[in-house]
Every structure is written in structure tokens, then in C-alpha cells.
Amino acid sequence: MAENCPKCKKSINSKDPIIICNSDDCLKKFHRTCVNVDDAVYDAIQKNPLIAFNCDECKNQSPKALAAKLSTMEDKLNKVCNGINQIQGRMYQQYFQFGNANNVDGKKQTNNLIVVGNNCNSDRLQVVCDYGRWVQVGKFATSTSEDDVIEHLAEELKINKNLVKCTKLVKNDANLSQLSYCKFKISIPDYRFSELFNESIWPSGVMVSPFTPRSQLNQNRI
Ligand SMILES: [Zn+2]
Ligand SMILES: [Zn+2]
């Protein structure tokens, strides 16, 4: 059955060099000469799976077809996300309902399903905590060490020493012996971070402020 080239409308003979449109919905055959595909281009298309020939019609349609497919995918994705949110919501609901359920005496039971450990005496288990924020604390005598600060906080906050992060802040070109004071960059796990702003844990006159990493100070471990 003779097929016609959609471009020139003439029949395609079995010996004519042809190329087929790569679009699954199309697959029309063209004379290569009618669609300006010379031997070099044809070779490249054959060798490289990332290159494909599409007829003019498909080229013009493809952005629309792609957009339609994308929007369908987006709809489906939204449905999946909504489903997940609903499930999550229900889980939390059950969690808290269960946690607040009345016990035998009819008294309200407090929700104790989520607790955060605060035993600062255990060094046996290594705990991984999130550290997102830092404070800058000063001014201290230059003889003050990072260990001094860590020790102090561990005692005041009843927190394990290993959980306190502290770095002495020293300017790049500073000569330590000439400095009149020093500051520290300090962090503790996120869930307790606000405690660093409790003035009663700091000696009189010490200033605590959020640490901004863009500050010109350079941190050196001493
Ligand atoms: Zn043709
Ligand atoms: Zn096509």
C-alpha cells in the first residue's frame, strides 16, 4: 500500500530515504528531502537517543500536549498531597484524643505520649539534636575559655555538657594579649534554645543577643 508524504503529497517509494515522526500519536512517514533532513542529520538522529525528529504539526502541538499532561500530573499530585495531609491530621487527632482520654478515675490524663528527655547525667548514649540558632554572648575576660562557658551552662541549665556548643569569637587579626574582652558563640539543641535568653543563668552585665553569621567576626577554636 503506497503511502503519501504529508509534505509533498507524493507517494513514498520503497527506496526513498524516509524519516518517521517520533511522536507516538503521529508516526507519519516523510521524504527526508521534504523535511530538510540530510544524511548527517539523519545519522545523528539514529545514533543519539536524545535527538528525535518531529514533524511541523507535532512540533507545534507538543508544548500544548506537554502542558496538558503536566497539569493532569499536577492535579493528581495535589490529590495525593491532600490525602497525606488528611491522614496526618487524623493521626495527630487520634494521638491527642488518646493522650487526653479520661482514665478510670474520670480525671483528665495529661498527654504524655511525647516527652523530651532531660537527664543530664547520662553520657553513655550519644544523642543527635538539631542546632539551628546561635547566640552571641559577652563580654568576658579574655582568660575565659570555651570549657568555662560550657561548664557554667551545663550547671545552670541542667544540660549535658556534650549538648552545649561554644566557640570563642576572635577577630581575624586580633592579638589575644591586647584584647580587653572576648565573646562567645553559643548554641544548645533547638528545643531548649529559648533558655539561653533567660537572664538569670548569666552573670550580671553579660549581654546575650542572636548571633548573625554575617558578622565580621571570625571564629577560632582556642
Ligand atoms: Zn515528500
Ligand atoms: Zn508528527
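Residues numbered from 1 in each chain as written. Chains lettered and ligands numbered in written order. Predicted model: local features only at pLDDT ≥ 70, side-chain atom pairs only at ≥ 80, totals over all residues. Heavy atoms only, no water.

A. A look at the overall build of the protein. For the protein, the helix and strand inventory stands at 3 helices and 9 strands. Tracing the protein from N to C terminus, the helices and strands come up as β-β-β-β-α-α-β-α-β-β-β-β. Relative to its full complement of 222 residues, the protein shows a buried share of 24%. In the protein, 61% of the contacts between residues at least 6 apart in sequence involve partners at least 24 apart. (Helix = DSSP H or I, 4+ residues; strand = E, 2+ residues; numbered from the N terminus. Buried < 20%, exposed > 50% of the residue type's maximum accessible area, 1.4 Å probe, protein only. Contact = heavy atoms within 4.5 Å.)

B. Seen up close, the coordination of the zinc ion (ligand 2). Bound to the zinc ion (ligand 2) are the protein donor atoms Cys-21 (SG), Cys-26 (SG), Cys-55 (SG) and Cys-58 (SG), situated 2.2 to 2.4 Å from the metal. Of note is the zinc ion (ligand 2), whose 4 donor atoms meet at the metal with angles of 99 to 122° in an arrangement that counts as tetrahedral. All donors of the zinc ion (ligand 2) belong to a single chain; written as a sequence motif, their spacing is C-x4-C-x28-C-x2-C. Of the two residues, Cys-26 is situated in the loop between strand S3 (18-20) and strand S4 (29-31) and Cys-55 in the loop between helix H1 (39-47) and helix H2 (56-99); the sequence distance between them amounts to 29 residues. By relative accessible area, which is 3% here, Cys-55 ends up buried. (Donors = N, O, S within 2.8 Å, 3.2 Å for Na, K, Ca; no water. Tetrahedral: all angles 85-135°; square planar, octahedral: opposite > 155°, others 65-115°.)

C. View of the pattern of salt bridges. Within this structure, the stated rule accounts for 8 salt bridges. Between Asp-56 and Lys-7 there is a salt bridge whose closest N-O contact spans 2.9 Å. In this pair, Asp-56 is assigned in helix H2 and Lys-7 in the loop between strand S1 (3-4) and strand S2 (11-12), connecting sequence segments 49 residues apart. Arg-192 is paired through a salt bridge with Glu-195; the nearest N and O atoms lie 2.9 Å apart. Judged by its relative accessible area of 11%, Arg-192 is buried. If you follow the salt bridges from partner to partner, you end up with Lys-7, Asp-56 and Lys-59 in one network. (Salt bridge = Lys/Arg side-chain N within 4 Å of Asp/Glu carboxyl O.)

D. Region of interest: the coordination of the zinc ion (ligand 1). Protein-derived coordination of the zinc ion (ligand 1) comes from Cys-5 (SG), Cys-8 (SG), His-31 (ND1) and Cys-34 (SG), at a distance range of 2.1 to 2.3 Å. What the 4 donor atoms of the zinc ion (ligand 1) show is an angle range of 95 to 121° at the metal, which sorts the shape as tetrahedral. The sequence pattern formed by the donor residues of the zinc ion (ligand 1) is C-x2-C-x22-H-x2-C. Taken together, the residues span a long stretch of sequence, with Cys-5 in the loop between S1 and S2 and Cys-34 in the loop between S4 and H1 at a distance of 29 residues. Owing to a relative accessible area of 1%, Cys-5 belongs among the buried residues under this scheme. When its relative accessible area of 23% is taken as the criterion, Cys-34 is described as partly exposed.

E. Summary view of the packing of aromatic side chains. For the coordinates displayed, the defined rule picks out 3 aromatic pairs. Summarising the aromatic geometry, the rings of Phe-30 and Phe-53 are spaced 5.8 Å apart at their centres and angled 75° between planes, so their arrangement reads as edge-to-face. Residue Phe-30 is found in strand S4, and its partner Phe-53 is found in the loop between H1 and H2; the two are separated by 23 residues along the sequence. For Phe-53, a relative accessible area of 10% gives the class buried. Plain terms: the ring middles of Phe-140 and Phe-184 are 5.6 Å apart, the flat faces sit at 65° to each other, and that makes the pair edge-to-face. Of the two residues, Phe-140 sits in strand S5 (residues 135-140) while Phe-184 sits in strand S7 (residues 182-187), which places them 44 residues apart along the sequence. For the residue pair Phe-140 and Phe-184, the accessibility class agrees, reading buried in each case. One cation-aromatic arrangement involves Arg-32 over Tyr-42; the distance from NZ or CZ to the ring centre is 3.4 Å. In this structure, Lys-139 packs its charged tip against the face of Tyr-181, placed 4.5 Å from the ring centre. (Phe/Tyr/Trp six-rings, centres within 6.5 Å; stacked < 30°, edge-to-face > 60°. Lys NZ or Arg CZ within 6 Å of the ring centre and 35° of its normal.)

F. Highlighting helix H3 (residues 146-157). Between the first and last C-alpha of H3 there are 16 Å, a value that for 12 residues agrees with the 16 Å anticipated at 1.5 Å per step. For H3, every residue scored as buried is listed here: Glu-146, Val-149, Ile-150, Leu-153, Ala-154 and Leu-157. Projection of H3 onto a plane perpendicular to its axis shows the buried side chains occupying an angular sector of 130°, all on one side. For H3, the exposed residues lying more than 90 degrees away from the buried face are Asp-147 and Glu-155. Along its buried surface, H3 packs onto strand S6 (165-170) and S7. Phi for Lys-158, located one or two positions after H3, is positive at around 50°. (Expected span 1.5 Å × (residues − 1). Arc of directions from axis to C-beta.)

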